[in-house]
Amino acid sequence: MKLVYKVLAALVAVEVAVQAMMVVLGDAGLFKYIEQGGVIDKAGVESGGIEFPEFFAFMVHGMNGMMIIPAIAVLLLVSSFFAKLPGAVKGAALVVLLVAVQVSLGLLGHQIPALGALHGLNALLLFGAAVHAALRGRGAAASATAQPHARVETVV
């Protein structure tokens with residue numbers, strides 16, 4: 001179960017990186033679309049009339065952030081109870097909390113654009129927490145494989 005915990009935590013970190021890649025890809029494509037004479041307005045968005053090759057990145061960002069990452073985070077929390085790693089439950093709970101904040105900031109950012117800055121900052125915190133959770137217990141595993149009866153000598 002330790003491996004499941006670590007893989008799920010690493011998956012959260014990878015998914016956060018994918019999120020960053022997708023939103024920037026979508027933004028870059030959007031700016032290119034506008035530079036080439038494309039127009040963005042409410043009617044176009046609602047009718048699905050906005051078409052540029054990178055538009056899919058916004059959909060990936062939305063689905064990934066609303067469904068995939070929260071599901072992985074919940075599975076991480078469940079696995080943390082069985083992983084028997086020190087601090088695993090706390091680490092997973094922090095990831096779940098940061099995911100909840102991230103989803104909230106993403107949704108509220110459509111109403112209050114300044115929250116986008118906090119959405120980006122929280123993504124960095126989430127990435128760090130997920131990496132930290134994935135690396136949890138690494139030192140304990142290495143010391144467990146050491147010889148149990150090894151002699152340590154001190155030279156003075």
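In the block above lies the structure referred to throughout.
Parameters and conventions
- Residues numbered from 1 in each chain as written.
- Predicted model: local features only at pLDDT ≥ 70, side-chain atom pairs only at ≥ 80, totals over all residues.
- Heavy atoms only, no water.
- Helix = DSSP H or I, 4+ residues; strand = E, 2+ residues; numbered from the N terminus.
- Buried < 20%, exposed > 50% of the residue type's maximum accessible area, 1.4 Å probe, protein only.
- Areas by Shrake-Rupley, 256 points an atom, 1.4 Å probe, with all protein chains shown as cover.
- Phe/Tyr/Trp six-rings, centres within 6.5 Å; stacked < 30°, edge-to-face > 60°.
- Axes fitted to C-alpha atoms, helices over the stretch in contact; angles between N-to-C directions.
- Parallel < 35°, antiparallel > 145°, perpendicular 65-115°, else oblique.
- Left-handed = near helix turned anticlockwise from the far one by under 90°.
- Contact = heavy atoms within 4.5 Å.
- Nonpolar A, V, L, I, M, F, W, Y, C, P; charged D, E, K, R; others polar.
- Patch = residues over 30% accessible without salt bridge, like charges linked within 9 Å, V, L, I, M, F, W, Y side chains within 5 Å.
- Salt bridge = Lys/Arg side-chain N within 4 Å of Asp/Glu carboxyl O.
- Core = buried A, V, L, I, M, F, W, Y, C linked by side-chain atoms within 4.5 Å.

> How would you summarise the overall build of the protein chain if you had to cite specific residues and measurements?
Per the secondary structure count, the protein chain includes six helices and zero strands. For the protein chain, the α and β elements follow one another from N to C terminus as α-α-α-α-α-α. Taken over 156 residues, the protein chain has a buried fraction of 31%. Within the structure as shown, the protein chain displays about 10100 Å² of accessible surface, and the carbon and sulfur contribution to it stands at 72%.

> Outline the packing of aromatic side chains, supporting the account with residue identities and numerical values.
Scanning the entire structure with this criterion turns up four aromatic pairs. Considering the side-chain rings of Phe55 and Phe58, the 6.2 Å spacing of their centres and the 70° angle between planes classify their relative orientation as edge-to-face. One aromatic cluster is present, formed by Tyr33, Phe52, Phe55 and Phe58 through successive ring pairs.

> Could you give me a rundown of the packing of helix H4 (residues 88-108) against helix H5 (residues 115-135), with the residues and numbers involved?
Contact geometry for H4 and H5: axes closest at 9 Å, N-to-C directions at 160°. Between H4 and H5, the angle is such that the two are roughly antiparallel. The chirality of how H4 crosses H5 is left-handed. Seen from H4, the contacting residues are Leu94, Val95, Leu98, Val99, Val101, Gln102, Leu105, Gly106 and Leu108; seen from H5, they are Leu115, Leu118, His119, Asn122, Ala123, Leu125, Leu126, Ala129 and Ala130. For the contact of H4 with H5, the class distribution of residues is 14 nonpolar, four polar and no charged.

> Pulling in residues and values, what's your account of a nonpolar patch on the surface?
On the surface, a nonpolar cluster with roughly 820 Å² of combined accessible area is contributed by Leu25, Phe55, Phe56, Met59, Met63, Met66, Met67, Ile68 and Leu107. Top element by residues in the nonpolar patch is helix H3 (residues 56-83). It accounts for six residues. Looking at where Leu25 falls in the secondary structure, it is placed in helix H1 (residues 2-35).

> Let's hear about the packing of H3 against H4: which residues, and what values?
Remark: H3 packs on H4, axes separated minimally by 8 Å, with the N-to-C direction vectors making an angle of 165°. Between H3 and H4, the interaxial angle falls into the category roughly antiparallel. By crossing handedness, the relation of H3 to H4 is classed as left-handed. Contacts between H3 and H4 involve Gly65, Met66, Ile69, Pro70, Ala73, Val74, Leu76, Leu77, Ser80 and Phe81 on the former and, on the latter, Ala88, Val89, Ala92, Ala93, Val95, Val96, Val99, Val103 and Leu107. In terms of residue class, the contact of H3 with H4 is built from 17 nonpolar, two polar and no charged.

> So what's going on with the pattern of salt bridges? Which residues, and what values?
Evaluation of the coordinates by the stated rule reveals one salt bridge. In this structure, Lys42 engages Glu46 in a salt bridge whose closest nitrogen and oxygen atoms are separated by 3.8 Å. In this pair, Lys42 and Glu46 both sit in helix H2 (residues 42-47), four residues apart, roughly one turn of the helix. In this structure, Lys42 and Glu46 share a single accessibility class: exposed.

> Explain the nonpolar core residue by residue, including any values.
As a rule of thumb, nonpolar side chains are buried together in soluble globular proteins. Counting residues in each nonpolar core, the largest one holds 23 residues, and the members touching the most others are Tyr5, Val12, Leu76, Val95, Val99 and Leu126. Listed by contribution, the elements that provide at least two residues to this core are H1, H3, H4 and H5. Those residues in contact with Val99 that sit more than four places away from it in its chain are Ile69, Pro70, Ala73 and Leu126.

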